[in-house]
Amino acid sequence: MQILDGNLVSAHIKAQIKQEVIDWQAQGGKKPHLAAILVGNNPASEAYVGNKVRTCQELGYESTLLRFGVDITEEELINEVNKLNNDDSVDGILTQLPLPKHISPDAVINSINPAKDVDGFHPITQGKMLLGQPSFLPATPYGILMMLEYYKIDVTGMNCVVIGRSNIVGTPMTVLLSRNANPGNATVTLTHSRTKNLKDITLNADLIVAAIGKPKYVTADMVKPGAIIIDVGINRIEDATRKSGFRLVGDVDYDNVAPLCSYITPVPGGVGPMTIVGLMKNTLDAVKQNAKQAVLS
Ligand code: NAD
């Protein structure tokens, strides 16, 4: 069994991005600028946004973090997104999810200018991805593709099973693994909460992507020996031995599944760091595309 080490792969890709930013600026390009919106103070969201801002600093990007209280209205939040849409210094915009219940995430995502949609969540972005047209890719599936490429895992013709059908992970992952591209060309089954006999399906999988949000849900009896396991889940479980009182586990029962499989991503240190790299790659693409547009217009 080999661990798919997200910290190692992301460090490798970040070094490439850093050099690309230096080269881009040497040619007169502007610093990539990522603007993040955080509503409320959900501790997990604080941690994710903090990581993104720190990575911007590490890679030589500019970053702006806009914080709002949970009482901000949907209209006010969309106004803030529009200010960023109209700000030429900003190349990428992300809204950290989840948002408070009174704000529709779809309405906020739809208000982001698709040219700045570096999380890859906007319907235009996802539509282009579905049709195989050039687009930003949703950051987590994009990160997973980069991980597969780094380890030279060829998924062509594999039976892949994706568990979870969210718009940000499971559904785009299914599209990307099955499209005629490299990585791609896999035969993919998308499973979800209404799937019957999930175990019968996963036992046929050469590769499983678990994006459910339920701690240790994928157990050893669901996994074919030699399968590849990509664990997207990030779940907090109580742990009295930790100062914080919790620890992070994935959607896969790592201790019992790892000995069975050929490759596995750990949690933490697997898909999480790759998601940030996906976001950073998209932001660098955004600054380059926006510069090209400015020349053409
Ligand atoms: P979500 O809650 O939007 O979707 C979960 C999906 O799981 C749903 O489509 C649902 O149908 C499916 N599901 C629920 N119970 C199921 C069951 N018993 N059997 C089969 N399918 C079931 O979640 P999401 O946003 O896709 O996130 C999933 C997990 O991944 C969460 O733990 C989240 O924190 C994590 N996540 C991690 C990263 C990362 O960078 N590592 C990025 C995004 C999300």
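Since we're looking at a predicted model, the values are computed, not measured.

Procedures and definitions
- Residues numbered from 1 in each chain as written.
- Predicted model: local features only at pLDDT ≥ 70, side-chain atom pairs only at ≥ 80, totals over all residues.
- Heavy atoms only, no water.
- Near = heavy atom within 4 Å.
- Polar contact = N/O pair within 3.5 Å; in protein donor to acceptor, adjacent residues only side chain to side chain.
- Areas by Shrake-Rupley, 256 points an atom, 1.4 Å probe, with all protein chains shown as cover.
- 1 Å grid on protein atoms, 1.4 Å probe; cavity = no way out; pocket = protein on both sides within 12 Å on 5 of 7 lines; lining within 4 Å.
- Sits in = over half its atoms within 2 Å of the grid points.
- Helix = DSSP H or I, 4+ residues; strand = E, 2+ residues; numbered from the N terminus.
- Axes fitted to C-alpha atoms, helices over the stretch in contact; angles between N-to-C directions.
- Parallel < 35°, antiparallel > 145°, perpendicular 65-115°, else oblique.
- Left-handed = near helix turned anticlockwise from the far one by under 90°.
- Contact = heavy atoms within 4.5 Å.
- Nonpolar A, V, L, I, M, F, W, Y, C, P; charged D, E, K, R; others polar.
- Points joined across faces, edges and corners; volume = space filled by probe spheres on them.
- Salt bridge = Lys/Arg side-chain N within 4 Å of Asp/Glu carboxyl O.
- Buried < 20%, exposed > 50% of the residue type's maximum accessible area, 1.4 Å probe, protein only.
- Core = buried A, V, L, I, M, F, W, Y, C linked by side-chain atoms within 4.5 Å.
- pLDDT = per-residue confidence, 0-100.
- Lys, Arg positive; Asp, Glu negative; His and termini not counted.

Novice: So what's going on with the site of the ligand? Residues and values would help.
Specialist: Not every one of the 21 residues close to the ligand is listed here, only the nearest: Arg165, Ser166, Tyr217, Val232 and Thr275. At a separation of 3.2 Å, a nitrogen atom of the ligand approaches a polar backbone atom of Val232. Measuring from an oxygen atom of the ligand, one finds a backbone N or O atom of Ile234 at 3.1 Å. Contact with the protein chains covers 74% of the free accessible surface of the ligand, which is 860 Å². Taken atom by atom, the bulk of the ligand overlaps the largest pocket. Here the shell around the ligand takes three residues from helix 10 (residues 271-296), the largest share from any one element.

Novice: Give a description of the packing of helix 2 (residues 43-59) against helix 10 that names residues and reports values.
Specialist: In the contact formed by helix 2 and helix 10, the axes pass within 11 Å of each other and the chain directions differ by 55°. In this view, helix 2 runs oblique relative to helix 10, as classed from their interaxial angle. Like other packed secondary-structure pairs, helix 2 and helix 10 cross with a definite hand, here right-handed. Residues Asn51, Lys52, Thr55, Cys56 and Leu59 of helix 2 form the contact with helix 10, whose participating residues are Ile276, Leu279 and Met280. Taken together, the residues that form the contact of helix 2 with helix 10 break down as five nonpolar, two polar and one charged.

Novice: Tell me about empty space enclosed by the protein, and name the residues and values.
Specialist: The full count for this structure, using the stated rule, is one cavity of 30 Å³ or more. Computed from the structure, the largest cavity encloses a volume of approximately 40 Å³. Taken together, Leu94, Thr95, Leu97, Ile109, Ile112, Asp117, Asp119 and Phe121 make up the lining of the largest cavity. Counted by class, the lining of the largest cavity contains five nonpolar, one polar and two charged residues.

Novice: Break down the pattern of salt bridges for me, citing the residues and quoting the values.
Specialist: Enumeration over the complete set of coordinates arrives at nine salt bridges. Ionic pairing is found between Lys83 and Glu80, a salt bridge with its closest N-O pair at 3.2 Å. Taken together, the positions of Lys83 and Glu80, both in helix 3 (residues 74-85) and three residues apart, correspond to about one turn of that helix. Accessibility expressed as a relative area gives 52% for Lys83, which makes it exposed. The buried category is assigned to Glu80, whose relative accessible area is 18%. Between Asp206 and Lys224 there is a salt bridge, with its nearest N and O atoms 2.6 Å apart. Of the two residues, Asp206 sits in the loop between helix 8 (198-202) and strand 7 (207-210) while Lys224 sits in the loop between strand 7 and strand 8 (228-231), which places them 18 residues apart along the sequence. According to the relative accessible area criterion, Asp206 is partly exposed, its value standing at 23%. Take Lys224: its relative accessible area is 27%, and that puts it in the partly exposed class. When salt bridges with common partners are traced through the structure, they connect Asp239, Arg242 and Arg247 into a single cluster.

Novice: Would you mind going over the nonpolar core in detail, with residue names and values included?
Specialist: By size, the foremost hydrophobic cluster in this structure holds 54 residues, and its most contacted members are Leu177, Leu207, Val209, Ile230 and Met280. Sorting elements by how many residues they give to this core places helix 10 first, with nine residues. Sequence-distant contacts of Ile230, that is, excluding residues within four places in its chain, are made with Leu4, Ile144, Leu148, Leu207, Ile208, Val209, Ala210, Thr265 and Val271. Counting residues in each nonpolar core, the second largest holds 16 residues, with Val218, Ala227, Val252 and Ile264 among its members.

Novice: Describe the confidence of the model for the chain, listing the residues and the values that go with them.
Specialist: Should pLDDT be low for a region, the predicted coordinates there are not to be read in detail. On average, residues of the chain score 97 in pLDDT, and 100% of them are at 70 or above. At the low end of the mean pLDDT range in the chain sits helix 10, at 92; at the high end sits strand 7, at 99.

Novice: Run through the side chain of Asp253, naming residues and quoting values.
Specialist: Turning to its location among the elements, Asp253 is positioned in the loop between strand 10 (246-249) and helix 9 (254-257). Within the buried set, Asp253 has no salt-bridge partner at all; the shortest N-O distance to an opposite charge, 4.9 Å, is to Lys216. In contact with Asp253, other than residues within four places in its own chain, are Lys216, Val218 and Thr219.

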